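Architecture at a glance
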Number of protein chains: 2
Amino acid sequence: MGVIVQKFGGTSVANAEKIKRAAQRAIDTAEKGNQVVVVASARGKQTDTLIADALELNPNPPKREMDQLLSTGEQQTVSLLAMAIDGMGYKAISMTGAQIKMITDSVHTKARIKSIDAKAIKKHLDAGNIVIVAGFQGIDENENITTLGRGGSDTSAVALAAAVKADACEIYTDVDGIYTTDPRIFPEAVKMDQISYDEMLEMASLGAGVMHGRSIEFGKKYDVTIHVRSSMSDKKGTLITHEVPQMEGILVSGATIEKNLAKISMTGVDNHPGNAAKIFAHLAQAKVSVNDIIQTEVSSEKANVSFTVSKSDFNDAKKAVEGIKETVNCDEIFCRDDIAEVSVVGVGMRTHYGVANMMFTALANAKVNIDSITTSEIRISCIVDKDQGDLALKSVCKTFELDKPVEKRSYVK
Amino acid sequence: MGVIVQKFGGTSVANAEKIKRAAQRAIDTAEKGNQVVVVASARGKQTDTLIADALELNPNPPKREMDQLLSTGEQQTVSLLAMAIDGMGYKAISMTGAQIKMITDSVHTKARIKSIDAKAIKKHLDAGNIVIVAGFQGIDENENITTLGRGGSDTSAVALAAAVKADACEIYTDVDGIYTTDPRIFPEAVKMDQISYDEMLEMASLGAGVMHGRSIEFGKKYDVTIHVRSSMSDKKGTLITHEVPQMEGILVSGATIEKNLAKISMTGVDNHPGNAAKIFAHLAQAKVSVNDIIQTEVSSEKANVSFTVSKSDFNDAKKAVEGIKETVNCDEIFCRDDIAEVSVVGVGMRTHYGVANMMFTALANAKVNIDSITTSEIRISCIVDKDQGDLALKSVCKTFELDKPVEKRSYVK
């Protein structure tokens, strides 16, 4: 008995059969005595079709109008879901972002949620309805329709769960949870039972899909436990939740590999205060988004500055550093895009020594050369040659026993 | 210089090319110094597709959800139109029914407009925008999305024209105006330059398409001249307007034929007060919509009662009259669906004698037998055998010279 938010992504509502399955799940949950709020995305490829329609008319469409257009995708899904539920004999009502007063800022195509009025939803729940809310969309103070950007429906679901004080926020997807690593590379990867918000945030920023960072931040901020699970089964998935003491013993929760990277190194840069700032201000001006930065002093006067960017920014980044080379008196610029970044993530690193050593040993055993290393409080990342990337990931996964459930790992007490 | 409302129907925005053509027309109108409000319908077959999606999930979908679903069609068109106009270098903004506060009652799928807040539209017009409004849709007092039913976008356009005090309301369509009769039957039919609201209302109710009755009622009530014209040319179309004195001389503005009719006659009904009421209350209960009613006294005790219904209601109507037959002591029931109703419409009938005689003579000359006759103040209708229907219409059109412009007709002074 409680309030349950269930979010169904585009693949889970792609056709009539899948819509009926989602409807049935909501009804089953309601018939157990729960109040159910469903959040839904646009059906399958609807959004892509609409974007194509838009670009045919205007290669650079105004963002406000894109939001006005794309929000129709979710509106269609929620009304169809409500019809399906009604057809199965249960009461349902669909609501747009405007109708639930999901107020956002006015940054079209990537708006941020400011407030939700839970009153309308509560009223409909109390009247015995399953309430179906259009994900991904809101309105600004002037009633312009806004959308929340990538992963927006997840964010809607988590924000709604916070607003209605839900007992659970279930994210239905086509995988059955979050895996210790990418099973396409390391097929022995296992599903995690739980992961902390911070770990999930690190993994999301390292390119491990499933959940977008912003929805996880929301969950952390408003204390919403997120249950990522399969729309095809009733099996328990992965809980994204606050850190609990036993997580610390795990050392490493997951491992990731990011291949879509390039690295630029500037050697012999004058080691003056403000030179690093000059370089990265120049890159920002060129609209290059920088990932990790590594600076090392090579003498009292000189430093090497390296950074990684996504491949799509590589050409812009190369041009930009050429333009700042003389200003910072840089000797040489080295560029490479044949790299991969292998990372391990775990809150256990905060309190346990030796995780870095275990990782470097794993790479050494696999004869993988490490180009460079960066770390955060709960993450260690190594840049390696791209053609050694998969090998590196597998060796790291073996070392941290990411092919075993947590309780069976030899290093977990 | 003024405020112009331009409405584009589904066929006029069916694809990117047509959307661009509509966009160009709006820009051309704006560049002549006008403020332009565009009202648009859903693209081509979008609405049909959405209805099919709905019926696949629920053969009897809740009407509120149908409105929530179908309103997305217009929302897509208006955002795409705004993008197209923006791409052509002109400022545009799209608005949903909710955003312009088109308040309706709560009768989903056939709501009636209660009020429009012209302020938002005016603000955007004054800021130099072409304002693109989603037709067919509104919201009720509780922010549920409603739709206006058949011809709803025309009604939206006329209502908006009234609200913004427009100087013109242009309805773009795939024909170049309203014809004196159906050119598929009488190819010599000519386009009318103008027609009064009352005449157009009669013709619409007689099945002459182009404009739906409700939009004409709105135009009449709020004194909006409606200009029905082609989206493919710049030629003047037909003005639907208040009656002007010279219209009276025309006698007959147009002629129609309705073949989708059936007729039921009850003979020898007891001529008691209240018996007609009993019959038609019974039909109403059976949800049969009755067109014309003819009652004739055959003796001081007995009357014959006939009425026409659309063919789709014929079976229900037959069943219903069987159920009331004994109550009203009816002798016999005759049913036929091999009929056609040929009508002439014109405000000139109010002040000129002999129009009925001209019509009956036309039918007699063509050797068409008249089954029955009904009239209104500005209309004469004859029911004839269906296989004589086209012949009857042609003869009537010839008699009233509906193949000639008004000023060339021999009987027009």
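Keep in mind that what you see is a predicted model, and the values were worked out from it rather than measured.

Focus on the pairing of strand E12 (residues 238-241) of chain A
Residues and elements named next belong to chain A. Residues of E12 alternate between two faces, with Thr 238 and Ile 240 buried on one and Leu 239 and Thr 241 left unburied on the opposite face. Direction of pairing for strand E10 (residues 194-196) relative to E12: parallel, over a ladder of three bridges. Bridge pairing in E12 places Ile 195 opposite Ile 240. Note that strand E11 (residues 226-230) and E12 share three bridges and pair antiparallel. What sits directly across from Val 228, in E12, is Thr 238.

Some remarks on the environment of B:Ile139
All names here are of chain B. Here Ile 139 shows up in strand E7 (residues 137-139). You can call Ile 139 buried: it has 24 C-beta atoms within 10 Å. The spacing of Ile 139 and Thr 104 is 35 residues in sequence and 5.8 Å in space, taken between C-alpha atoms. When residues no more than four places from it in sequence are discounted, the contact partners of Ile 139 are Gly 97, Ala 98, Met 102, Ile 103, Asn 144, Ile 145 and Thr 146.

As for the relation of the copies chain B and chain A
The transformation that overlays chain B on chain A combines an axial shift of 0.0 Å with a rotation of 180 degrees, and the residual RMSD is 0.2 Å. With respect to symmetry, the two chain copies, as superposed, fit the operation of a two-fold axis. It is B:Thr72 whose C-alpha, among those of chain B, lies nearest the rotation axis, at 2.7 Å. Of all interface residues in chain B, 100% are interface residues in chain A too; the two copies therefore contact each other through one and the same surface.

A short note on the environment of B:Leu55
Summarising the element assignment, B:Leu55 is placed in helix H2 (residues 46-57). Note: C-alpha distance between B:Leu55 and B:Met66 (eleven residues apart in sequence) is 10.0 Å.

Description of the sheet that holds strand E17 (residues 370-376) of chain B
Residues and elements named next belong to chain B. Spatial strand order, E14-E15-E13-E16-E18-E17: six strands in an open sheet with antiparallel pairing. Edge positions in the sheet fall to strand E14 (290-297) and E17, since each has one partner strand and no second. Adjacent strand axes in the sheet meet at a mean angle of 30 degrees, parallel and antiparallel pairs treated alike. Its contacts with the sheet place helix H8 (residues 275-285) against strand E13 (254-270), E14 and strand E15 (302-310), and it is angled at close to 160 degrees to E14.

Some thoughts on the packing of helix H6 (residues 197-205) of chain B against helix H7 (residues 213-222) of chain B
Residues and elements named next belong to chain B. Orientation of H6 relative to H7, taken along the N-to-C sense of each, is 170 degrees, at an axis distance of 9 Å. What the angle tells us is that H6 and H7 run roughly antiparallel. Along the contact surface, H6 presents Tyr 197, Met 200, Leu 201, Ala 204 and Ser 205, while H7 presents Gly 213, Ile 216, Glu 217, Gly 219 and Lys 220. A per-class count over the contact of H6 with H7 returns five nonpolar, three polar and two charged.

Regarding the interface of chain B and chain A
On the side of chain A, 28 residues touch chain B, which itself brings 28 residues to the contact. Looking at the side of chain B that touches chain A, the elements that each hand over two or more residues are helix H1 (16-31), H2 and helix H3 (63-87) of chain B. Counting residues per element, the side of chain B that touches chain A draws most heavily on H3(B), at 13 residues. Partitioning the side of chain B that touches chain A into residue classes produces 13 nonpolar, nine polar and six charged.

Examining helix H5 (residues 152-163) of chain B
Residue and element names in this part refer to chain B. An ideal rise of 1.5 Å per residue puts 16 Å on twelve residues; H5 measures up with 16 Å between its terminal C-alpha atoms. Within H5, twelve of the twelve residues are buried, leaving the element largely enclosed by the surrounding structure. Within two residues after H5, Lys 165 carries a phi angle of roughly 55 degrees, on the positive side.

A look at the pairing of strand E16 (residues 332-345) of chain A
Residues and elements named next belong to chain A. Across eleven bridges, strand E13 (residues 254-270) lies against E16 in antiparallel orientation. Each residue of the ladder has a partner; that of Ser 265, found in E16, is Phe 334. The sheet contact formed by E16 and strand E18 (residues 379-385) spans seven bridges and is antiparallel. Bridge pairing links Val 344 to Ile 380 in E18.

A few points about the packing of helix H1 (residues 16-31) of chain A against helix H3 (residues 63-87) of chain A
Residue and element names in this part refer to chain A. Closest axis-to-axis distance for the H1/H3 pair is 9 Å, and the angle between their directions is 65 degrees. As H1 packs across H3, the resulting crossing turns out to be right-handed. Residues Ile 19, Lys 20, Ala 22, Ala 23, Ala 26 and Ile 27 of H1 pack against Leu 80, Leu 81, Ala 84 and Ile 85 of H3. By residue class, the composition of the contact of H1 with H3 is nine nonpolar, no polar and one charged.

What to know about the domain arrangement of chain A
Taken domain by domain, chain A consists of domain 1 (3-174) and domain 2 (255-408). The centre of domain 1 of chain A, based on its C-alpha atoms, is set 38 Å off from the matching centre of domain 2 of chain A.

What about the sheet that holds strand E12 (residues 238-241) of chain B?
Residue and element names in this part refer to chain B. Taken in spatial order, the eight strands make up an open sheet running E3-E6-E2-E1-E9-E11-E12-E10, and their pairing is mixed. On the outer flanks of this sheet lie strand E3 (92-95) and strand E10 (194-196), each paired with one strand and no other. Along the sheet, successive strands turn relative to each other by an average axial angle of 20 degrees, direction set aside. Relative to strand E6 (residues 130-134), strand E2 (residues 35-40) runs parallel, the two sharing four bridges. Considered in E6, the bridge of Val 39 is made with Val 133. Across the sheet, helix H4 (residues 118-126) is in contact with E2, E3 and E6; its angle to E6 comes to roughly 150 degrees. In the packing of H6 onto the sheet, the strands contacted are E10 and E12, and the crossing angle to E10 comes to about 85 degrees.

Definitions and cut-offs
- Residues numbered from 1 in each chain as written.
- Chains lettered and ligands numbered in written order.
- Predicted model: local features only at pLDDT ≥ 70, side-chain atom pairs only at ≥ 80, totals over all residues.
- Buried ≥ 20, exposed ≤ 12 C-beta atoms within 10 Å, placed from the backbone.
- Helix = DSSP H or I, 4+ residues; strand = E, 2+ residues; numbered from the N terminus.
- Pairing = 2+ DSSP bridges.
- Contact = placed C-beta atoms within 7 Å.
- Least-squares fit on C-alpha atoms with pLDDT ≥ 70 in both.
- Axes fitted to C-alpha atoms, helices over the stretch in contact; angles between N-to-C directions.
- Parallel < 35°, antiparallel > 145°, perpendicular 65-115°, else oblique.
- Nonpolar A, V, L, I, M, F, W, Y, C, P; charged D, E, K, R; others polar.
- Expected span 1.5 Å × (residues − 1).
- Left-handed = near helix turned anticlockwise from the far one by under 90°.
- Domains from an automatic or database assignment.

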